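Chains, contacts and geometry: an overview
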Amino acid sequence: KTVTWSSDKNNIATVDANGKVTAVAVGTAKITVTTTDGSKTAVCDVTVTPIPVTGVSLDKTTASLFVGNTVTLTPTVSPAEADNKNVTWSTSNSTVATVNNGVVTGAAAGVATITVTTVDQSKTATCLVTVAAAPIAITGVAVSPATLGLTVDGQTSTLSVVYTPANANTQKSVAWSTSNSAVAGVNATTGVVSPVAAGVATITVTVVDTSDVSRTATCLVTVSPAPVRVTGVTVNPTTLSLSAGGATGSITPTVLPGDASNKNVTWSSSADSIATVANGVVTPVSAGVATITVTTVDGAKTATCLVTVGAAPQSQTTVTFNNPVEGLSTGDMKIYITAGTNTSFNASTFIATTTVVVVDPDSDTGEGNRRFVKVSESTDTRVVLMNNGLPFSIKSFQSLTFTTAIPAGAKVEIIKWLGSSGEVVSTSNNL
């Protein structure tokens, strides 16, 4: 039962004594098995197909050169065992840069994209090429900023190179380094400085130009300790009562902890029409309730004070009647207070109680003080006062004086009440 194996095209596929076929190149071959006894045969047709390309890359994705200079781009086709690694080249702008077998030549100042494309599967990769008109030599370098302050646990900062002249373009390499990485680190490529611990470090940039001349510049970095963060804030008092148009009130904030680095605060009112606030000083505007809020700049912590603003107190005014009045009966007298020339008069806010001094020569009643109070028949436009809300026991008076809170411009009348109607017996001028 012994057999032998053979291939009619060993350059396409080979076969070993055990019948294992190995592909060599693209094409077809016949694999034949032959018996030793009787030379009987059988044939297997073998087709070898190519390994397809899956991708391509370039050794540079960006490149810079001057007009007339060249740069070589090297492609890598994947996979490495792909059968067809041939590629083609193209440029997006032949007036700026041309390409031939990966060799890019600068033609004019500008930017062009060089593209490599695989013949198999049309996979692509690109390189952005910047062409400068002519070399402008570097004569000096500096770092911006020259000094830098950072805080532990704070934000990073990016340094930049300042060239002399400003349009110099002969830099070949730029590298950043730090004198003390325990204080401040720096990204060697980007110049981003990171604070590490409190202290001082020198950041150095080294620029090598196309003539291999090396120049350095430095930035002095000072890293401060981490700030003490605000954890809260309180106010004193937490409630405050004021009168509209009256004296201001003060609210004192206490920022916690006591050694917080930033104790600055801002103030706000929930209703500026009722109470305003500036630097903790509250100004009452009109009757109502407002919440005053203090907010820390660091951490936005808040505390509040509830401010109640009462109606503006009415000033005390003295009114005197010197007209002798006769013929008043018990319960006859009332006092009316109306708007007069006061356009904002509101009887509903009028103080309800006042003392009236009566000079009365009538021996039945005598002189003395009477306590007049606002009674229910008062309206929004007229205040009605009666003696303790009860009949006023007086038959006549020579003079009558009372002091109460009467708005400027209001009018006061003494009414002799006659059953269901009244007779004005004495009237003040508009106050």
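For the structure given in this document, a descriptive report is provided here. (Residues numbered from 1 in each chain as written. Predicted model: local features only at pLDDT ≥ 70, side-chain atom pairs only at ≥ 80, totals over all residues. Heavy atoms only, no water.)

A separate point is the sheet that holds strand β10 (residues 87-91). Across the sheet, 4 strands lie side by side as β7-β14-β13-β10; this open sheet has mixed pairing. For this open sheet the edge positions go to β7 (62-66) and β10, each flanked by a neighbour on one side alone. Between one strand axis and the next, the sheet turns by 25° as a mean value, whatever way the strands run. Examined bridge by bridge, β10 and strand β13 (residues 110-118) share 5 bridges and lie antiparallel to one another. When the bridges of β13 are listed, Ser-90 appears paired with Thr-115. (Pairing = 2+ DSSP bridges. Helix = DSSP H or I, 4+ residues; strand = E, 2+ residues; numbered from the N terminus. Axes fitted to C-alpha atoms, helices over the stretch in contact; angles between N-to-C directions.)

With that settled, consider the environment of Val-309. With respect to the helices and strands, Val-309 occurs in strand β32 (residues 302-310). Taking C-alpha positions, Val-309 is 5.9 Å from Ala-244, a pair spaced 65 residues apart along the chain. Setting aside residues up to four positions removed in sequence, Val-309 forms contacts with Leu-242, Ser-243, Ala-244, Ile-274, Ala-275, Pro-284, Ser-286, Ala-287 and Gly-288. (Contact = heavy atoms within 4.5 Å.)

For the rest of this paragraph, the subject is the pattern of salt bridges. Across all of its chains, the model carries 5 salt bridges by this definition. Between Lys-30 and Asp-45 there is a salt bridge, with the nearest N and O atoms lying 2.8 Å from each other. Here the residue Lys-30 occupies a position in strand β4 (residues 27-35), and Asp-45 occupies one in strand β5 (residues 41-48), the gap between them amounting to 15 residues. Residue class for Asp-45 comes out exposed when judged on its relative accessible area of 57%. (Salt bridge = Lys/Arg side-chain N within 4 Å of Asp/Glu carboxyl O. Buried < 20%, exposed > 50% of the residue type's maximum accessible area, 1.4 Å probe, protein only.)

With that settled, consider the sheet that holds strand β1 (residues 3-7). An order of β1-β4-β5 is seen for the 3 strands of this open sheet, with the pairing classed as antiparallel. For this open sheet the edge positions go to β1 and β5, each flanked by a neighbour on one side alone. Each strand of the sheet is rotated relative to its neighbour by a mean of 20°, with strand direction disregarded. Bridge analysis of β1 against β4 gives 5 bridges, and the strand direction is antiparallel. The residue of β4 that forms the bridge with Ser-7 is Ile-31.

With that settled, the discussion passes to the environment of Asn-18. Looking at the secondary structure, you find Asn-18 in the loop between β2 (13-15) and β3 (21-23). Given a relative accessible area of 72%, Asn-18 falls into the exposed group. Through-space distance from the C-alpha of Asn-18 to that of Thr-4 is 8.5 Å; in sequence the pair is 14 residues apart.

In this section: the nonpolar core. If you look at the biggest cluster of nonpolar residues, it comprises 23 residues, and the most contacted ones within it are Leu-159, Trp-176, Val-193 and Val-221. Sorting the residues of this core by element identifies β15 (140-144), β16 (147-151), β18 (160-164), β20 (184-186), β22 (199-209) and β23 (214-224) as the ones contributing at least two each. In terms of nonpolar packing, the next biggest core, distinct from the first, is built from 22 residues, Val-235, Leu-242, Trp-267 and Val-282 among them. (Core = buried A, V, L, I, M, F, W, Y, C linked by side-chain atoms within 4.5 Å.)

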